[in-house]
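Read off the chains here:
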Amino acid sequence: MLGVTALWGWTYVVVQDAIVLISVQAFLAYRFLGAAAVVGLLQAREMSCMTAREVRGGAVAGGVLFVGYALQTAGLEHTTVSNAAFITGLAVVLTPLLAALVLRTPHRPRQAAGAVLALIGLSLLTLTGLSVNRGDILMLGCALSFTVQNVILACVGPGTHTGLLTFVQLTVVGLSGLLWTVVTGALTAPAAQSVWLALAVTAIPGSALAFFIKTKAFATSSPGRIALIMAMEPVFAGLCGYWLSGDTFTGLNLGGAALIMCAILLAETGERRGLTRDPGPGT
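Residues numbered from 1 in each chain as written. Predicted model: local features only at pLDDT ≥ 70, side-chain atom pairs only at ≥ 80, totals over all residues. Heavy atoms only, no water.

Chemist: Let's hear about the overall build of the chain: which residues, and what values?
Modeler: Secondary structure assignment for the chain yields twelve helices and two strands. Along the chain, helices and strands appear, N-terminal first, in the series α-α-α-α-α-α-β-β-α-α-α-α-α-α. When contacts within the chain are restricted to residue pairs at least 6 apart in sequence, long-range pairs at least 24 apart make up 90% of them. When the accessible surface of the chain is totalled, it reaches about 12500 Å², and 69% of it is carbon and sulfur. (Helix = DSSP H or I, 4+ residues; strand = E, 2+ residues; numbered from the N terminus. Contact = heavy atoms within 4.5 Å. Areas by Shrake-Rupley, 256 points an atom, 1.4 Å probe, with all protein chains shown as cover.)

Structure follows, in structure tokens:
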């Protein structure tokens, strides 16, 4: 699972480079339709057992996931890799807070403290004078979308086949991206080698394989431990942004990033009673 977070951290750089050469809409369509095809092949024997709950739940979760990835991919055009990753990581803090409201799970004071700390860190990371970068706003919308999607999965996930639920989600994201591409007239074939590399990395290991590993991890280990491992994604992305994209940091930026990481760790340590769910049958 730690390897998955490292891969996801690197993909911020890969995607940012690719969307200079291909539209955001087309990139999303190709990435997630490719990922859905891979997961579909892995789950081919189970397709006939797909239930209405998996279709409905996967469709709703996939729709919200599409919004999140659309905002994230578009935001990478207007902000740095490091900012994008740290702001997206706020979903780890926001998810238990929203779950406490929607699922009426027990509230823990450290979650509220983590949220406050994250907001302070976000302001130090993103504010330039009294202005906010457009890309950072898009990334905040992405974090909120991922938060909602996490809670939706917490509601519909128990009792469903996680592999089939993942397939439906990826398919919905891919088809939504394709529709968006057709409507906006942005459908273009990948031309550059770097775009093909980005699609291959993000579709197969970055989406299909990563979702599979994540599902297995949550089925065989405690959610709290896996969440802490996933909190390393912004760290890996920040390092990749520094070494590969030339991202620079002021003292305040570094302080803000550190506060966000502390907020994530604060919110996710201890017992996660509210989000400990049966992952459902199968993968």
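Chemist: Pulling in residues and values, what's your account of the environment of glycine 206?
Modeler: Within the element layout of this structure, glycine 206 appears in helix H9 (residues 193-220). On the basis of relative accessibility, which here comes to 1%, the residue glycine 206 falls in the buried class. Counting along the chain gives 195 residues from glycine 206 to threonine 11, while the straight-line C-alpha distance between them is 7.5 Å. (Buried < 20%, exposed > 50% of the residue type's maximum accessible area, 1.4 Å probe, protein only.)

Chemist: Can you break down the environment of alanine 208 residue by residue, with the values?
Modeler: Within the secondary structure, alanine 208 is located in helix H9. Exposure remark for alanine 208: the relative accessible area of 2% places this residue in the buried category. Spatially, the C-alpha atoms of alanine 208 and alanine 36 are 7.0 Å apart, while their sequence positions differ by 172 residues. The contact partners of alanine 208, leaving out residues within four places of it in the chain, are Ala35, Val38, Val39 and Ala203.

Chemist: Describe in detail the packing of aromatic side chains, supporting the description with residues and values.
Modeler: Applying the stated criterion to the full structure yields three aromatic pairs. Both rings, one in phenylalanine 66 and one in tryptophan 180, keep their centres 5.9 Å apart while their planes meet at 90 degrees; by these two values the pair is edge-to-face. Placement of phenylalanine 66 in helix H3 (residues 52-75) and of tryptophan 180 in helix H8 (residues 162-184) is noted, with a sequence separation of 114 residues between them. For phenylalanine 66, a relative accessible area of 14% translates into the label buried. (Phe/Tyr/Trp six-rings, centres within 6.5 Å; stacked < 30°, edge-to-face > 60°.)

Chemist: Break down helix H2 (residues 24-42) for me, citing the residues and quoting the values.
Modeler: Its 19 residues place the ends of H2 27 Å apart at the C-alpha level, agreeing with the 27 Å of an ideal helix rising 1.5 Å per residue. Residues of H2 that are buried: Val24, Gln25, Ala26, Phe27, Leu28, Ala29, Arg31, Phe32, Ala35, Ala36, Val39 and Gly40. (Expected span 1.5 Å × (residues − 1).)

Chemist: Give a detailed account of the nonpolar core, specifying residues and quantitative values.
Modeler: One broad rule of soluble globular proteins: the nonpolar side chains tend to lie buried together. Of all hydrophobic cores here, the largest spans 48 residues; its most connected members are Phe27, Leu28, Leu76 and Leu170. With near-sequence residues (within four places) excluded, leucine 170 lies in contact with Phe32, Ala35, Ala36, Val39 and Phe211. (Core = buried A, V, L, I, M, F, W, Y, C linked by side-chain atoms within 4.5 Å.)

Chemist: So, helix H4 (residues 81-88): which residues are in play, and what are the values?
Modeler: Where burial is concerned, most of H4 is hidden: eight out of the eight residues are buried. Restricting attention to buried positions, one finds in H4 the residues Val81, Ser82, Asn83, Ala84, Ala85, Phe86, Ile87 and Thr88.

Chemist: Tell me what's going on with the packing of H2 against H3, and back it up with residues and numbers.
Modeler: Two elements in contact, H2 and H3, have axes separated by 10 Å at closest approach and are oriented at 130 degrees. Accordingly, the angle class assigned to the pair H2 and H3 is oblique. In the crossing of H2 with H3, the sense of the turn from one axis to the other is right-handed. Residues Val24, Leu28, Arg31 and Phe32 of H2 touch H3, and the partners they reach there are Phe66, Tyr69, Ala70, Thr73 and Ala74. (Axes fitted to C-alpha atoms, helices over the stretch in contact; angles between N-to-C directions. Parallel < 35°, antiparallel > 145°, perpendicular 65-115°, else oblique. Left-handed = near helix turned anticlockwise from the far one by under 90°.)

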